[in-house]
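Remarks on the overall topology
This is what each chain is made of:
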There are 2 protein chains.
Amino acid sequence: MHDSKEHIVSSFDRDLEAIQARILKMGGLVEEAILEAARSLEERDEELAEKVRKSDRAIDELEEMINEDAARVIALRAPTAVDLRVVLSVMKISGNLERIGDYAKNMAKRTGVLVQMPAINGAHSALRRMAREVQLMLKDALDAYIQRDAALAQDVIHRDADVDQMYNALFREFLTFMMEDPRNITACMHLHFIAKNTERMGDHVTAIAEQTVYLVTGEMPEESRPKVDTTGGAFDETEDEG
Amino acid sequence: MHDSKEHIVSSFDRDLEAIQARILKMGGLVEEAILEAARSLEERDEELAEKVRKSDRAIDELEEMINEDAARVIALRAPTAVDLRVVLSVMKISGNLERIGDYAKNMAKRTGVLVQMPAINGAHSALRRMAREVQLMLKDALDAYIQRDAALAQDVIHRDADVDQMYNALFREFLTFMMEDPRNITACMHLHFIAKNTERMGDHVTAIAEQTVYLVTGEMPEESRPKVDTTGGAFDETEDEG
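This write-up is about the structure you can find in this document. (Residues numbered from 1 in each chain as written. Chains lettered and ligands numbered in written order. Predicted model: local features only at pLDDT ≥ 70, side-chain atom pairs only at ≥ 80, totals over all residues. Heavy atoms only, no water.)

1. Details of the overall build of chain A
Each helix and strand in chain A was counted, giving six helices and zero strands. Ordered by position from the N terminus, the helices and strands of chain A form the series α-α-α-α-α-α. Counting only residues that meet the buried cut, chain A has 56% of its 242 residues in that class. Considering only residue pairs separated by 6 or more positions, chain A has 82% of its internal contacts joining residues 24 or more positions apart. For chain A, the exposed area adds up to about 10,200 Å²; of that, 49% sits on carbon and sulfur atoms. (Helix = DSSP H or I, 4+ residues; strand = E, 2+ residues; numbered from the N terminus. Buried < 20%, exposed > 50% of the residue type's maximum accessible area, 1.4 Å probe, protein only. Contact = heavy atoms within 4.5 Å. Areas by Shrake-Rupley, 256 points an atom, 1.4 Å probe, with all protein chains shown as cover.)

2. Remarks on the nonpolar core
One recurring pattern in soluble globular proteins is that nonpolar side chains are buried together. Leu138 of chain A together with Leu138 of chain B are the most contacted members of the largest nonpolar core, which totals 150 residues. Excluding its chain neighbours within four sequence positions, the residues that come into contact with Leu138 of chain B are Gly27, Val30, Glu31, Ile34, Leu97, Ile100, Val205 and Ile208 of chain B. (Core = buried A, V, L, I, M, F, W, Y, C linked by side-chain atoms within 4.5 Å.)

3. Quick word on the relation of the copies chain B and chain A
Screw-axis analysis of chain B against chain A gives a translation of 0.0 Å along the axis, an RMSD of 0.0 Å, and a rotation angle of 180 degrees. In symmetry terms, the pair is related by a two-fold rotation axis. Closest approach to the rotation axis among the C-alpha atoms of chain B is made by Ala78 of chain B, whose C-alpha sits 2.8 Å away. Comparing contact sets, 100% of the residues at the interface of chain B also lie at the interface in chain A, consistent with an isologous, same-surface contact. (Least-squares fit on C-alpha atoms with pLDDT ≥ 70 in both.)

4. As for the packing of aromatic side chains
All names here are of chain A. Within the structure shown, the criterion is met by two aromatic pairs over all chains. Here the aromatic rings of Tyr167 and Phe171 are separated by 6.3 Å at their centres, their planes lie at 40 degrees, and the arrangement is tilted. Of this pair, Tyr167 and Phe171 are both found in helix H5 (residues 150-180), four residues apart, which corresponds to roughly one turn of the helix. For Tyr167, a relative accessible area of 0% puts it in the buried group. Residue placement shows Arg148 over the ring face of Tyr145; its charged tip is 4.7 Å from the ring centre. (Phe/Tyr/Trp six-rings, centres within 6.5 Å; stacked < 30°, edge-to-face > 60°. Lys NZ or Arg CZ within 6 Å of the ring centre and 35° of its normal.)

5. As for helix H6 (residues 185-217) of chain A
Residue and element names in this part refer to chain A. Look at H6: 47 Å from first C-alpha to last across 33 residues, which is about the 48 Å you get at 1.5 Å a residue. Counted residue by residue, H6 has 30 buried out of 33 residues, so it is predominantly covered. Two residues or fewer past H6, Gly218 is found with a positive phi of approximately 85 degrees. (Expected span 1.5 Å × (residues − 1).)

6. Remarks on the interface of chain B and chain A
Contacts between chain B and chain A engage 45 residues on the former and 45 residues on the latter. Scanning the region where chain B abuts chain A turns up zero salt bridges. Linking chain B with chain A are two residue pairs in polar contact (both at pLDDT 80 or more), by the criterion used here. If you list the elements that add at least two residues to the side of chain B that touches chain A, you get helix H2 (46-77), helix H3 (81-114), helix H5 (150-180) and helix H6 (185-217) of chain B. Here the side of chain B that touches chain A takes 13 residues from H3 of chain B, the largest share from any one element. (Salt bridge = Lys/Arg side-chain N within 4 Å of Asp/Glu carboxyl O. Polar contact = N/O pair within 3.5 Å; in protein donor to acceptor, adjacent residues only side chain to side chain.)

7. Section: the packing of H5 of chain A against H6 of chain B
For the pair H5 of chain A and H6 of chain B, the least separation of the axes is 10 Å and the interaxial angle reads 130 degrees. With respect to H6 of chain B, the axis of H5 of chain A lies oblique. Both H5 of chain A and H6 of chain B take part in a crossing whose hand is right-handed. Contacts between H5 of chain A and H6 of chain B involve Tyr167, Phe171, Leu175, Met178 and Met179 of chain A from the former and Ile185, Thr186, Met189 and Phe193 of chain B from the latter. Per-class residue counts for the contact of H5 of chain A with H6 of chain B are eight nonpolar, one polar and no charged. (Axes fitted to C-alpha atoms, helices over the stretch in contact; angles between N-to-C directions. Parallel < 35°, antiparallel > 145°, perpendicular 65-115°, else oblique. Left-handed = near helix turned anticlockwise from the far one by under 90°. Nonpolar A, V, L, I, M, F, W, Y, C, P; charged D, E, K, R; others polar.)

8. Observations regarding the packing of helix H4 (residues 123-147) of chain A against H5 of chain A
All names here are of chain A. It is at 10 Å that the axes of H4 and H5 come closest, and there the two elements cross at 165 degrees. As summarised for this structure, H4 and H5 are arranged roughly antiparallel, according to the angle between their axes. For the pair H4 and H5, the sense of crossing is left-handed. Judged by residue contacts, Ala123, Ala126, Leu127, Met130, Glu133, Val134, Leu136, Met137, Asp140, Ala141, Asp143 and Ala144 of H4 engage Leu152, Ala153, Val156, Arg159, Asp160, Val163, Met166, Tyr167, Leu170 and Phe174 from H5. Among the residues making up the contact of H4 with H5, the classes are represented as 17 nonpolar, no polar and five charged.

9. Considerations on unusual backbone geometry
Residue and element names in this part refer to chain A. Of note, Arg44 is a non-glycine position whose phi angle comes to about 50 degrees, a positive value. Summarising the element assignment, Arg44 is placed in the loop between helix H1 (11-42) and helix H2 (46-77). Of the residues examined, Arg44 reaches a relative accessible area of 32% and is grouped as partly exposed. Despite not being glycine, Arg148 shows a phi value in the positive range, around 55 degrees. Overall, Arg148 belongs to the partly exposed group, its relative accessible area being 29%.

This is how it looks when you write it as structure tokens:
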């Protein structure tokens, strides 16, 4: 974790490393939840969906531990300026991870409902590709955070536009399916939610990357998330989180 | 803000009062945004919608100020135990308010799209009632926070079930409209998003109330948000945020 330059390791640094190890553990669980939730949907695997739903508890517990750790470090070490900023970033990032975990859980929750409905051609594999992209972004965002790599973080921020584009394409596809056959409406509403929540996962990953840029450069990336609308206005379904 | 008992006002208390005043200001702006966003939708008032969208900037700025204030207090006063908990709660609450503000902004954003589509009978006034309920809950949640009134906070938590119920009813109504006439599908998709986001605002208000219960009692209310499903399972569209 440390670079090769000589470096006096303070108590604060040690505390921080312990917290960052927990962040990485939490991130690993969240990445797994994203992938498994998407797989449970595509393969109509209710058992796997149940596993994802149960694993959210461990994610929530890690968030609480991280917040407690961070509060303890603030109370004990009274960090100032840059160090305080680092500790606060840890709390924000664990909050983002917790929200992404919730979205994965909710995706898994819908698997149980969707298995009872007609399959919508191609939607599940498109959703899985989107989830896979978000998971890769998350992996890079956490690497960027740990390495304090602003360039990699900036790259993650730009890739969020791809996720937005995938979402907009799916939204239009669902509209078409619903208009073609009203029997598709209920399934499409559920699938649409899943797509929307996956797009929101991407926003939370972006927020993690923005924290990294902020830590490294001291400034939040301005206009960092260009929302892509490929539909000429009326169907830009991405929502601002800023 | 202080009760009549004699009370030594520390520097920490003064700092805290200044931050809480900002929380109240931010809360006032968010309440206004909720009501005006719903009104812009019902009255198809694009100018009001534009105002709501622009006012979100002030809300975001207040969140940043509150976070900076809180960090400064932690750094300067090194509060421990209960005091630290209070400062951290301020950061969480401003985060919840910011998210509610985003939802209001996104609601207003859809007004511009929906004015170009056929009106869906009764939906707008139902949405406005729902928004009004959330705004009242927010008002009480902030009062409960400032007064450290756990009973009022608990009341807010219970009222979230009403919002969930309103949402579930609307979801079923939109499904019916879409099945009756495919020309309603696009408008209903937008309205459905608005309903969903209003339901989520309720979840963030509940989180504020939960913080208050935690501050007063030292424990998070367990199973505090009973999700109401009046649809027998398949159409419980509320999502877990826990």
